[in-house]
Amino acid sequence: PDGRKARLLKPGMSLALGGIAKGYAVDQAVAAIRQVGITSALVDAGGDIYALGSPPYRDKWLVGVRDPANPKGILPKALAVANQAVATSGDYLQFGTVKGHRYSHILDPRTGRPVEKMASVTVVAPDATTADAYATAASVLGPQKAIEFGESRRGVEMLVIYRKDGRLVQLRTSGFARMEVVPKKED
């Protein structure tokens, strides 16, 4: 009733905030940093990132995107961002294996089953809570609907990497490529 409370109406219901918790923590850290007058910082909470301002001698921060085909590596192009958040959800680090089949940790709330085919969704948004929530939500939608969702959100860009015929395929919202840069050796 007062906008700050929620009630779960059925016995056994529970609420997990894992889909936005890291993003929210990043936003709270950025607010605290801004409050003391800091205008340039890169805040990272386990891959949910906010690029405040820009680094010394550059226009934008360069943020790497993990490669789902090689989770210890990053994609060849980094994201050039300033005053934006970046978050990625994917199945390349958190998954379970049952009888040789790999299952994502992201569940489709419509079916209660693990999401399939979506390797990762990277979202750039005005704040980390939004980026974190949209990355998880888009993972459930499937590749094309995820891109449509991203295109319909102002200030949001998305990279979707999914499995098709045994290979990884990438889709981007219309503005995502403008942020991608190939880092130079000195970066």
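What you see is a predicted model; the values in this text were computed from it and never measured. (Residues numbered from 1 in each chain as written. Predicted model: local features only at pLDDT ≥ 70, side-chain atom pairs only at ≥ 80, totals over all residues. Heavy atoms only, no water.)

(A) Seen up close, the sheet that holds strand S1 (residues 41–45). An order of S1-S2-S7-S10-S11-S12 is seen for the 6 strands of this open sheet, with the pairing classed as antiparallel. With one partner strand each, in any of the chains shown, S1 and strand S12 (167–172) form the two edges of the open sheet. The mean inter-strand angle of the sheet, taken between neighbouring strand axes irrespective of direction, is 10°. Each of strand S2 (48–52), strand S7 (84–90), strand S10 (118–125) and strand S11 (157–164) is contacted by helix H2 (residues 128–141), which is oriented at about 30° to S7, the strand it contacts most. Contacting S10, S11 and S12, helix H3 (residues 143–151) crosses the sheet at an angle of about 180° to S11. (Pairing = 2+ DSSP bridges. Helix = DSSP H or I, 4+ residues; strand = E, 2+ residues; numbered from the N terminus. Axes fitted to C-alpha atoms, helices over the stretch in contact; angles between N-to-C directions. Contact = heavy atoms within 4.5 Å.)

(B) Focus on the side chain of Asp-91. For Asp-91, the position within the fold is in the loop between S7 and strand S8 (95–98). Of the polar contacts made by the side chain of Asp-91, one reaches the side chain of Arg-163; its length is 3.0 Å. Setting aside chain neighbours within four positions, we find Asp-91 in contact with Arg-102, Ser-104, Met-118, Ala-119 and Arg-163. (Polar contact = N/O pair within 3.5 Å; in protein donor to acceptor, adjacent residues only side chain to side chain.)

(C) Representation of the sheet that holds strand S13 (residues 180–181) in the model. Read from one edge of the open sheet, 3 strands run S3-S6-S13, paired in antiparallel fashion. Pairing within the sheet leaves two strands with one partner each, and these edge strands are strand S3 (61–63) and S13. Note that S3 and strand S6 (residues 78–81) share 3 bridges and pair antiparallel. When the bridges of S6 are listed, Leu-62 appears paired with Ala-80.

(D) Focus on the pairing of S11. By the criterion of burial, S11 is predominantly enclosed, with 6 of the 8 residues buried. In this sheet, S11 lies alongside S10 in antiparallel orientation, the contact comprising 6 bridges. Paired with Val-123 across the strands is Met-158, a residue of S11. Bridge count between S11 and S12: 6 bridges; the pairing is antiparallel. Among the inter-strand pairings, Lys-164 is bridged to a residue of S12, identified as Arg-167. (Buried < 20%, exposed > 50% of the residue type's maximum accessible area, 1.4 Å probe, protein only.)

(E) Seen up close, the layout of surface pockets. Within this model, the second largest pocket holds a volume of roughly 180 Å³. Considering the residues around the second largest pocket, the lining is formed by Asp-91, His-101, Arg-102, Tyr-103, Ser-104, Pro-114, Val-115, Glu-116, Lys-117 and Arg-163. Of the residues forming the lining of the second largest pocket, the biggest block, 4 residues, is contributed by strand S9 (residues 101–104). For the lining of the second largest pocket, the class distribution of residues is 3 nonpolar, 2 polar and 5 charged. (1 Å grid on protein atoms, 1.4 Å probe; cavity = no way out; pocket = protein on both sides within 12 Å on 5 of 7 lines; lining within 4 Å. Points joined across faces, edges and corners; volume = space filled by probe spheres on them. Nonpolar A, V, L, I, M, F, W, Y, C, P; charged D, E, K, R; others polar.)

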